[in-house]
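Now for the letters of each chain:
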2 protein chains.
Amino acid sequence: MKNTDTRTATLEFWFEFASNYSYLTVMRIDALAAEYGVAVVWKPFLLGPVFKSFGWNNSPFVLQKEKGAYVWQDMTRQCKKYRLPWTRPTDFPRASLLPMRVALVGAEQPWMSEYCQRIMQINFVEDRPIDHADVVNEVLTSLNLPASDILLAAQSEENKRRLRLQTEQAHQRGIFGAPTFFVGTDMFWGNDRLEDALIFAAQSKHQT
Amino acid sequence: MKNTDTRTATLEFWFEFASNYSYLTVMRIDALAAEYGVAVVWKPFLLGPVFKSFGWNNSPFVLQKEKGAYVWQDMTRQCKKYRLPWTRPTDFPRASLLPMRVALVGAEQPWMSEYCQRIMQINFVEDRPIDHADVVNEVLTSLNLPASDILLAAQSEENKRRLRLQTEQAHQRGIFGAPTFFVGTDMFWGNDRLEDALIFAAQSKHQT
């Protein structure tokens, strides 16, 4: 290829608003990716159906009480390390379908990162429900976006179908939790691997 | 307390020779703990009974095929990052009872770290069985240790009982995987948390 030097390194970021470790990444990825010169491809998907495919009817943090107990210890320390605010949600994992559908509408829009951060903060800092039209409307409006139009597009049959397809694709690519990153076919699991994945992307200059 | 400044910071390191992520930590912990001025308290325990208590008859990396497939991708990259040699074991998780019993005998001995590194390398670099008297004998002899005496002590009823107790203690303290670190009652799970745990230990100067 002649234009190798002009290719942009990209990283796929698969995430869920219900996922506490996705919260850490949503808050960090924009600044960090810019630092590494990597473009982020936002890939919202639903964890519920993926967990169901393993025969789980809930988050492993709920099903396995030892891991669950640990996770909240870990989150407190991780948020302190990253200087992020943190409140353990009184409802976990929170229903997230509507804001996820909106995330799919916004995935390639310039407001995506800010929108996702705002939704995550409502879940993991303000400890409020996120799966309400009022709440999503409030967030979109605060970003000076045409909230009603976006909510309408989010709730269209076509967009609902797209989110199911993206979730199915997550499953087919071997995703078993969130956040998960892909650089081409190389998969990285967990907020702990964000830096490794970005370095890998920057070095391989992989285009998706 | 008057002698606060002379206290040594300590970190409990709970591990298993069968565990691939414990391999990463066994190879790293000595040098890193010295850097942070933290003393390591080695805590060998058996993962099998802990997993069984969750209703699992094998490693989650075997039971959950998606996570299993990922783990070997991750290990290759992690070992490259830490500049450690790596061979995916043809038998996983490997039986580890005898070398674990020897680890319990050696836990407070000056040869512990080197012994553990050697056993881990046989499992994860040379891809050979580790649960054989010949193999453990070979390792102890190479460290100029009285191999027969140590093996005898390791296989005594008293030592077997101690390993069962230590495994039971791991379970009671909420351990669900390896490696796990404790600084007092603060638990850190996974090789990814080694640095965090050492920093925490150094800051709190916790004595166990």
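Since the structure is predicted, the reported quantities are computational estimates derived from the model, not experimental observations. (Residues numbered from 1 in each chain as written. Chains lettered and ligands numbered in written order. Predicted model: local features only at pLDDT ≥ 70, side-chain atom pairs only at ≥ 80, totals over all residues. Heavy atoms only, no water.)

Student: I keep staring at the overall build of chain A and nothing clicks. Help me out?
Tutor: If you tally the helices and strands in chain A, you get 10 helices and four strands. In sequence order, chain A lays out its α and β elements as β-α-β-α-α-α-α-α-α-α-α-β-β-α. Over its C-alpha atoms chain A spans a radius of gyration of 17 Å, differing by no more than 12% from the 17 Å that the globule rule assigns to 208 residues. A principal-axis box enclosing the C-alpha atoms of chain A has dimensions of 55 × 45 × 35 Å. Counting the 208 residues in chain A, one finds 53% classified as buried. Within chain A, residue pairs in contact and separated by at least 24 positions form 72% of the contacts whose partners lie at least 6 positions apart. Charge-centre separation for chain A: the mean point of 23 positive side chains lies 4 Å from the mean point of 23 negative side chains. (Helix = DSSP H or I, 4+ residues; strand = E, 2+ residues; numbered from the N terminus. Rg over C-alpha atoms; globule rule 2.2 N^0.38 Å. Buried < 20%, exposed > 50% of the residue type's maximum accessible area, 1.4 Å probe, protein only. Contact = heavy atoms within 4.5 Å. Lys, Arg positive; Asp, Glu negative; His and termini not counted. Charge placed at Lys NZ, Arg CZ, Asp CG, Glu CD.)

Student: Where do I start with the packing of aromatic side chains in this structure?
Tutor: Working definition: an aromatic ring pair is given by the centre-to-centre distance plus the angle between the planes. A complete count under the given rule lists 42 aromatic pairs over all chains for this structure. An aromatic cluster of three or more residues is present, and its members are Phe13(A), Phe15(A), Phe17(A), Trp42(A), Trp111(A), Tyr115(A) and Phe181(A). We note Arg173(A) situated over the ring of Phe182(A); from NZ or CZ to the ring centre the distance is 3.9 Å. One residue, Arg28(B), lies across the ring of Tyr82(B), its end atom 4.0 Å from the ring centre. (Phe/Tyr/Trp six-rings, centres within 6.5 Å; stacked < 30°, edge-to-face > 60°. Lys NZ or Arg CZ within 6 Å of the ring centre and 35° of its normal.)

Student: Quick question: what am I supposed to make of the layout of surface pockets here?
Tutor: To find leftover empty space, one rolls a probe the size of a water molecule over the atoms. Roughly 630 Å³ of internal volume is contained in the second largest pocket. Lining the second largest pocket are 23 residues, and of these Glu195(A), Asp196(A), Ile199(A), Gln78(B) and Lys81(B) lie nearest its centre. The greatest single-element share of the lining of the second largest pocket, amounting to six residues, is contributed by helix 4 (residues 65–82) of chain B. Taken together, the residues of the lining of the second largest pocket break down into six nonpolar, four polar and 13 charged. (1 Å grid on protein atoms, 1.4 Å probe; cavity = no way out; pocket = protein on both sides within 12 Å on 5 of 7 lines; lining within 4 Å. Points joined across faces, edges and corners; volume = space filled by probe spheres on them. Nonpolar A, V, L, I, M, F, W, Y, C, P; charged D, E, K, R; others polar.)

Student: Which parts of the structure should I look at to understand the sheet that holds strand 3 (residues 180–183) of chain A?
Tutor: Strand-to-strand pairing in sheets goes through backbone hydrogen bonds, with the strands running parallel or antiparallel. Residues and elements named next belong to chain A. Strand order in this open sheet of four strands is 2-1-3-4, and the pairing throughout is mixed. Because the sheet does not close on itself, it has two edges, and the strands there are strand 2 (38–44) and strand 4 (186–189). For this sheet the average axis-to-axis angle between neighbouring strands, irrespective of direction, equals 25°. Relative to strand 2, strand 1 (residues 9–15) runs parallel, the two sharing seven bridges. Bridge assignment links Ala-9 to a residue of strand 2, and that residue is Val-38. (Pairing = 2+ DSSP bridges. Axes fitted to C-alpha atoms, helices over the stretch in contact; angles between N-to-C directions.)

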